[in-house]
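Summary of the model geometry
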Amino acid sequence: MTAPLTPHEQPPHEQPAHNPWHYPSAPDATADKTAGRKRRRWSKGDDDLDTQGWHAFLILVGISALGLLLGFLWERFAPRVALVVRGGEAWLKESESEDAISIDGTFALLGLAFGAVTALAVFLWRRRGGWPLVLGLALGSLIGAVVAWRFGIVLGPPQNVDERAAQLRDGGGLDAPLELKAKGALLAWPGAAMAVHLVLTGLFGPRDPEPQAPPPPTGGWQGWGAPTN
């Protein structure tokens, strides 16, 4: 009689019996970390925060400079409020004129157009977006609107209405200075920029990849009470 072989002395071609206490090996942690980094990089963009901050600064400066163009267009297309000289003083030529309201409306419409164009330009340049870019777009649009307001006033008729009226005879006409009475029109540009950028990002922005289920474990313990051969 020969003694039974120990597990270490079994021939290599014979497989050990199924061990119900054997747990499956843990999934590859390195692969999971790599996949997680890829998902985060795709969702947040390849640029780090410093690069996004630099791009946001460029957007802020560039859009703010566009306020000069908006101010020029506002001064060119806004209607004039006509004044007439009576007794050495300037009076409204038509007391019921709606030119003052039209001036505010012209600024608001130009602001809406500039907001849509700038939002589209920013989205096409940096499609993946990021909160620094959105912040740069919002602040740049607001600063650009203020620049347009002040620059348009400078380009418009002079502010010294009394001095100009004193130099004219009664019945003489002159234009009133350009004014923006409804200061809420300053929000037309940033409001339109935020709305259009949000819509473009929601419709055409990059999507996060769908999470993939881990592969089922192979071999090993299949659960308590699993049948054994």
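Here's the deal with the overall build of the protein
A tally of regular secondary structure across the protein gives 6 helices and 3 strands. The N-to-C order of helical and strand elements in the protein reads α-α-β-β-α-α-α-β-α. Look at the contacts in the protein between residues 6 or more apart in sequence, and 82% of them connect residues 24 or more apart. Accessible area for the protein stands at about 15,700 Å²; split by element, carbon and sulfur atoms hold 62% of it.

Here's the deal with the pairing of strand β2 (residues 89-92)
Here 4 bridges tie strand β1 (residues 82-86) to β2, and the two strands are oriented antiparallel to one another. Following the sheet pairing, Arg86 is matched in β2 by Glu89.

Here we look at the packing of helix α2 (residues 49-77) against helix α4 (residues 131-155)
Their axes nearest at 6 Å, the elements α2 and α4 cross at an angle of 25°. If you check the angle between α2 and α4, you find them roughly parallel. Our pair here, α2 against α4, has a crossing hand that is right-handed. Considering only residue class, the contact of α2 with α4 consists of 21 nonpolar, 11 polar and 1 charged.

Examining helix α3 (residues 99-125)
Its 27 residues place the ends of α3 39 Å apart at the C-alpha level, agreeing with the 39 Å of an ideal helix rising 1.5 Å per residue. When α3 is considered as a whole, its buried residues turn out to be Ile103, Asp104, Thr106, Phe107, Leu110, Gly111, Phe114, Gly115, Thr118, Ala119, Val122 and Phe123. Buried residues along α3 sit against α2, α4 and α6 (188-204).

As for the pairing of β1
Here β1 pairs with strand β3 (residues 173-175) via 3 bridges, running antiparallel. Bridge pairing links Leu83 to Leu174 in β3. Count of turn residues in the β1/β2 antiparallel hairpin: 2 residues, of which Gly87 carries a positive phi of about 65°.

A few points about the pattern of salt bridges
Following the criterion strictly, the structure yields 2 salt bridges and no others. Notably, a salt bridge pairs Arg80 with Glu75, separated by 2.6 Å at the nearest N-O pair. A residue is classified by how much of its surface remains accessible, and Arg80, at 27% relative accessible area, is partly exposed. A salt bridge links Glu179 to Lys181, with the shortest nitrogen-to-oxygen separation between them at 3.7 Å.

Cut-offs used in this document
Residues numbered from 1 in each chain as written. Predicted model: local features only at pLDDT ≥ 70, side-chain atom pairs only at ≥ 80, totals over all residues. Heavy atoms only, no water. Helix = DSSP H or I, 4+ residues; strand = E, 2+ residues; numbered from the N terminus. Contact = heavy atoms within 4.5 Å. Areas by Shrake-Rupley, 256 points an atom, 1.4 Å probe, with all protein chains shown as cover. Pairing = 2+ DSSP bridges. Axes fitted to C-alpha atoms, helices over the stretch in contact; angles between N-to-C directions. Parallel < 35°, antiparallel > 145°, perpendicular 65-115°, else oblique. Left-handed = near helix turned anticlockwise from the far one by under 90°. Nonpolar A, V, L, I, M, F, W, Y, C, P; charged D, E, K, R; others polar. Expected span 1.5 Å × (residues − 1). Buried < 20%, exposed > 50% of the residue type's maximum accessible area, 1.4 Å probe, protein only. Salt bridge = Lys/Arg side-chain N within 4 Å of Asp/Glu carboxyl O.

Shape descriptors only; they carry no functional weight alone.
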